[in-house]
Each structure stands twice: as C-alpha cells, then as structure tokens.
Amino acid sequence: MAETKTPAKTASGDVAAQRSSRAEVDEFLEQVRSLAPAPAGRGRLIFAMDATMSRQPSWDMALELQADMFRAVKAVGGLDVQLVYFRGFDECQASKWVGDPDALARLMRMVSCRGGYTQIRKVLTHAHRESERAKVNALIYVGDCMEEDVDQLSQLAGQLGLIGLPVFLFQEGNDAKAERIFREIARLSRGAYCRFDAGSARQLRELLTAVAVYAIGGRKALEESKSGAAQLLLQQLG
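Note that this is a predicted model, so its numbers are computed, not measured.

Points about the overall build of the protein
Then, in step 1: Of regular secondary structure, the protein possesses eight helices and six strands.
Then, in step 2: Evaluated residue by residue, the protein yields a buried proportion of 51% over its 238 residues.
Then, in step 3: In the protein, of all internal contacts separated by at least 6 residues, the share reaching a separation of at least 24 is 78%.
Then, in step 4: Total accessible area on the protein stands at roughly 11,200 Å², and carbon and sulfur atoms take up 51% of it.

A closer look at the pattern of salt bridges
Then, in step 1: On inspection of all chains with the given rule, the structure shows nine salt bridges.
Then, in step 2: Among the ionic pairs, Arg42 bridges to Asp80, the shortest N-O distance being 2.7 Å. Within this pair, whereas Arg42 is found in the loop between helix H1 (15–34) and strand S1 (43–50), its partner Asp80 is found in strand S2 (residues 79–87), the two being separated by 38 residues in sequence.
Then, in step 3: Residue class for Arg42 comes out partly exposed when judged on its relative accessible area of 29%.
Then, in step 4: By relative accessible area, which is 1% here, Asp80 ends up buried.
Then, in step 5: Bridged by salt links that share partners, the residues Glu179, Arg183 and Arg195 form one connected network.

Some words on the pairing of strand S4 (residues 138–143)
Then, in step 1: When you tally the buried positions in S4, you get six out of six residues, the bulk of the element.
Then, in step 2: Here S4 shows two buried faces, one formed by Ala138, Ile140 and Val142 and the other by Leu139, Tyr141 and Gly143.
Then, in step 3: In terms of strand pairing, S1 meets S4 through five bridges, oriented parallel. The residue bridging Ile46 from the neighbouring strand is Leu139, located in S4.
Then, in step 4: Sheet analysis places S4 next to strand S5 (residues 167–172), joined by five bridges and oriented parallel. Residue pairing for S5: Gly143 is matched across the bridge by Gln171.

Details of the packing of helix H5 (residues 150–162) against helix H6 (residues 176–189)
Then, in step 1: Where H5 contacts H6, the axes come no closer than 7 Å and their chain directions differ by 25°. The angle between the axes of H5 and H6 places the two elements in the roughly parallel class. In the packing of H5 onto H6, the handedness of the crossing is right-handed. Counted together, Val150, Leu153, Ser154, Ala157, Gly158, Leu160 and Gly161 of H5 and Ile181, Glu184, Ile185, Leu188 and Ser189 of H6 form the full contact between these two elements.
Then, in step 2: Partitioning the contact of H5 with H6 into residue classes produces seven nonpolar, four polar and one charged.

Considerations on the sheet that holds strand S6 (residues 192–196)
Then, in step 1: Ordered in space as S3-S2-S1-S4-S5-S6, the six strands form an open sheet in which the pairing is mixed. Each end of this open sheet is capped by a strand with a single partner; those strands are strand S3 (91–94) and S6. In this sheet, neighbouring strand axes are inclined to one another by 15° on average, regardless of whether the strands run parallel or antiparallel.
Then, in step 2: Where helix H3 (residues 101–108) meets the sheet, its contacts fall on S1 and S2, and the angle it forms with S2 comes to roughly 5°.
Then, in step 3: Together, S1, S2, S3, S4 and S5 form the strand contacts of helix H4 (residues 120–133), whose direction differs from that of S2 by roughly 150°.

Concerning unusual backbone geometry
Then, in step 1: Unlike most non-glycine residues, Asp90 shows phi in positive territory, near 65°.
Then, in step 2: Here Asp90 is to be found in the loop between S2 and S3.
Then, in step 3: A residue is classified by how much of its surface remains accessible, and Asp90, at 31% relative accessible area, is partly exposed.
Then, in step 4: One non-glycine residue, Arg190, adopts positive backbone phi at about 65°.
Then, in step 5: Tracing the chain through its elements places Arg190 in the loop between H6 and S6.
Then, in step 6: With a relative accessible area of 56%, Arg190 lands in the exposed category.

Some words on the environment of Gly99
Then, in step 1: Looking at the element boundaries, Gly99 is found in the loop between S3 and H3.
Then, in step 2: Among the residues examined, Gly99 registers a relative accessible area of 32% and is labelled partly exposed.
Then, in step 3: Distance from Gly99 to Arg44, taken between C-alpha atoms, is 9.3 Å for residues 55 residues apart in sequence.

Calculation notes
Residues numbered from 1 in each chain as written. Predicted model: local features only at pLDDT ≥ 70, side-chain atom pairs only at ≥ 80, totals over all residues. Heavy atoms only, no water. Helix = DSSP H or I, 4+ residues; strand = E, 2+ residues; numbered from the N terminus. Buried < 20%, exposed > 50% of the residue type's maximum accessible area, 1.4 Å probe, protein only. Contact = heavy atoms within 4.5 Å. Areas by Shrake-Rupley, 256 points an atom, 1.4 Å probe, with all protein chains shown as cover. Salt bridge = Lys/Arg side-chain N within 4 Å of Asp/Glu carboxyl O. Pairing = 2+ DSSP bridges. Axes fitted to C-alpha atoms, helices over the stretch in contact; angles between N-to-C directions. Parallel < 35°, antiparallel > 145°, perpendicular 65-115°, else oblique. Left-handed = near helix turned anticlockwise from the far one by under 90°. Nonpolar A, V, L, I, M, F, W, Y, C, P; charged D, E, K, R; others polar.

Shown next, in the form of structure tokens:
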C-alpha cells in the first residue's frame, strides 16, 4: 500500500539549500557505507532522533549528550547500535549496525536539522522490521513534538510490545500533545518515557546509559545496577 506523503513545513525552497542538504545526505550515506558491520550475538539498540527544524536551538547540546551515551556504551561493551534520523520532506535514514560507538557518534554529528513533519511512524515500522530479521533489544527515540495519527502510532507501539521491543522516549521541551502520545507509546511497547531540557543534561546522560545497559543485559542487568537512573527505568517498566 502506497504511503501518503505530507508536505513538509519547509520555510524556503531555495535551490542552493536543497543542494546543500542533498550533499549532506550523500556524505552521511558514504560514511554509513564505510562503517564496519557489527558482529552477531550481541545486544542491539536502535537510536532514533527527530532532526526537524524545531530542535535546532538545542541541537548541539542534544548531540553532545547522545555522544556521551555512546561513550558510556563503549565502556560497558557488548552492544551494537543503529542510528536512525528523520527530517525534511520524507527523508528518513538508517545506518548499518555498528559495534564501534565512536564511529557512530561521529556519524551522528554529521546530521543537521531541516524543516519537516515528524516521521515517528517510519521509525516504529523500521524497528519492527529490523527485529524480524534479528532481535532488537530496545529502541531509543529523542524528539520534541508529534504531528501524526495517534491511533496509528499506538497500533505500531502495541505491535512492538508484543514482540518484546520496548521504546524508551526522551522528550525535549513541554509539548503536551507530544507528551501524551509519547507516554502512550512507552506504555503500549512496555518501555519508558522521560522529559529533558538543558538543566537535566546529567540525568538524561544517565538514563540513556541505563537503556544501553538494559539492551545488553535486560531487566536483570538494570536490577543489578545501583544507579538512580536504572531504578527510575525499572519503575516505569513495571
């Protein structure tokens, strides 16, 4: 069934900007192709992020926090990560599965914000498809808003819950509509929800690391962890 494409909220149709965006995408894809594939038999985590223009004001902070998580993952070991992002008009990209967090952090820094609507549906659908190929232990999603059909997202989240793929959603800002659906996605997928801002950088870093620990060792690994972030996640996981 063909997907309906919604016009993006792009403020400018400038040709030069479009060429620049295309060049960035090409460079991103070239970097993706150069990454070494991850070995089998390890924990697998999808890290997805909203790269639409509304996130531009705090983009650098978000990238640094996410890079910190990848550095923590490297210290823990045993985890392969796939980076997914969406932005602009119908653009949604995914990297290979990579076992080198430093390489993925460098790849993530190449992504810049572009005007467009959210594409959370594509992220959830992609996660389900990847888990059909080989077990995905967790999906992290970082975003600030939601501009899609709530019932459709809820259905997809429920399907992820049935296959044991929890979604951990981290919301930037205070959009009430986004919070409601993010909490619902977390509930239906048996994951967790948390809001963050510039003042909660340390907590976000710890929570992202706790999700990585979960993806590697499951609930048992969280229960054995002494961090407050791990205990917070356990409370939401039920």
